[in-house]
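Each chain is listed here by its residues.
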Amino acid sequence: MRRRPRALPSFWRNITGPGGIKDYAQRRDWQLVLNACGIPYVLNTFRKREYIYVPPLLEHYALTELRGFEAEPAQDRTPRPLPVHAHSVVAIFFLLPLILWHGWRFGWWAAPDFLPPPNTWLGAGVLDNVLLRVYGQAYRLVTALTLHAGLPHLWGNVAAGALFLPLLARVAGVGRALLLTMLGGILGNALAALLRPRATLSIGFSTALFATVGILAGFMACQQKQRRKAMLPVAAGAALLAMLGTEGENTDYAAHVCGLLCGLALGICEAWRLRRGWPALPQTVAALLALAVPILAWYWAFAVRG
């Protein structure tokens, strides 16, 4: 007979059985499967045992997905070994230009004389979807990634970048990780501007950072042979978006979601390229291109404004 904690609605169904969850690995895998399938659930503790409850209408669906996941052969559960690139921590240094640019704009140190006055940079580079659509100022898709509203905004993105960029560089290489991150941020900004019907202003590197999360999730999902197992990295990416991308009064939720979606597509494409053995840009060329894109975008922005 199944026993339910008193605090839980009696009509919910226990899908973990009378013995509860076996261990941490089972709880992690089951939660990720349920999240990936969009099944609401409650994790509750009763007499020092953990149980997972789902609505009765979804009990059969949940059990079918979980049993299918548990029934996968052990060899199919083992992911293909991911490529490992050395010196992945070097990708962190890509964030230094963001700090330098922010310092020039806010007067931490004097900006070079050949640049326009720093107080004009926000207007020149902010992502304004009206100017983008009406006047074709596509450079704003890039320049907006390099602007931040203040120190908390800047350091939050730098801290997240220091975590996610080396992870991506470990599987894609430093140069391609930087290029994919920049491309994901640009595509995320473009998608967000396309989907917004009203005039909106947006700045920040976080769109590119969530694109990095999406690239990792898409890449790792393609390493799995089973559909249920492939959903787990995607669910983990969505969970990171929910935890990190929805805080703050002025958070641009749409840009974060669009960045994650574009990153997923790029990660799948990168995994497909590796599987097919197609060539890619050398790491050095890719890194130089990733740095050249924002430089050229700002040159365009200052040329238009001047």
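Summarised in this report is the structure supplied together with it. (Residues numbered from 1 in each chain as written. Predicted model: local features only at pLDDT ≥ 70, side-chain atom pairs only at ≥ 80, totals over all residues. Heavy atoms only, no water.)

Some words on the pairing of strand β2 (residues 42-46)
Here five bridges tie β2 to strand β3 (residues 49-54), and the two strands are oriented antiparallel to one another. Across the sheet, residue Asn44 finds its bridge partner in β3, namely Tyr51. Between β2 and β3, which pair antiparallel one after the other, the connecting turn spans two residues, and Arg47 there sits at a positive phi close to 55 degrees. (Pairing = 2+ DSSP bridges. Helix = DSSP H or I, 4+ residues; strand = E, 2+ residues; numbered from the N terminus.)

A word on the packing of aromatic side chains
Tallied over the full model, the rule gives eight aromatic pairs. Judged by centre distance (5.1 Å) and plane angle (45 degrees), the ring pair of Trp101 and Trp298 falls under tilted. Within this pair, whereas Trp101 is found in helix α4 (residues 96-105), its partner Trp298 is found in helix α13 (residues 283-305), the two being separated by 197 residues in sequence. The same class applies to Trp101 as to Trp298, namely buried. An aromatic cluster is present here, built from Trp101, Trp104, Trp121, Trp298 and Phe302 joined pairwise through their rings. (Phe/Tyr/Trp six-rings, centres within 6.5 Å; stacked < 30°, edge-to-face > 60°. Buried < 20%, exposed > 50% of the residue type's maximum accessible area, 1.4 Å probe, protein only.)

With respect to the nonpolar core
Grouped together as the largest cluster of nonpolar side chains are 55 residues, with contacts concentrated most on Trp101, Leu178, Phe205 and Trp298. Where this core is concerned, the elements lending two or more residues are α4, α5 (121-125), α7 (140-143), α8 (151-172), α9 (174-195), α10 (206-221), α12 (253-276) and α13. By residue number, the principal contributor to this core is α8, which donates nine residues. Once you skip the residues sitting within four places of it in the chain, Trp101 turns out to touch Leu115, Trp121, Thr146, Leu147, Trp298 and Phe302. Formed by 17 residues, the second largest nonpolar core is a distinct cluster that contains Leu34, Cys37, Ala62 and Leu232. (Core = buried A, V, L, I, M, F, W, Y, C linked by side-chain atoms within 4.5 Å. Contact = heavy atoms within 4.5 Å.)

Description of α4
Burial within α4 is extensive, with seven of its 10 residues counted as buried. Where α4 is concerned, the buried positions are Leu98, Ile99, Trp101, His102, Gly103, Trp104 and Arg105. Along its buried surface, α4 packs onto α5, α8 and α13.

Considerations on the layout of surface pockets
Its volume calculated, the largest pocket comes out at about 720 Å³. Along the wall of the largest pocket there are 31 residues; nearest its centre are His153, Ser206, Thr251, Asp252 and His256. Those elements that provide at least two residues to the lining of the largest pocket are α8, β5 (201-202), α10 and α12. Here the element with the most residues in the lining of the largest pocket is α8; it accounts for seven residues. Counted by class, the lining of the largest pocket contains 13 nonpolar, 13 polar and five charged residues. (1 Å grid on protein atoms, 1.4 Å probe; cavity = no way out; pocket = protein on both sides within 12 Å on 5 of 7 lines; lining within 4 Å. Points joined across faces, edges and corners; volume = space filled by probe spheres on them. Nonpolar A, V, L, I, M, F, W, Y, C, P; charged D, E, K, R; others polar.)

Some words on empty space enclosed by the protein
The gaps of empty space that remain are located by a probe, the size of a water molecule, rolled over the atoms. Applying the stated criterion to the full structure yields one cavity of 30 Å³ or more. Taken as a whole, the largest cavity spans an internal volume of roughly 30 Å³. The wall of the largest cavity is formed by Leu127, Asn129, Ala193, Arg196, Thr200, Leu201 and Ser202. A breakdown of the residues in the lining of the largest cavity according to their chemical character gives three nonpolar, three polar and one charged.

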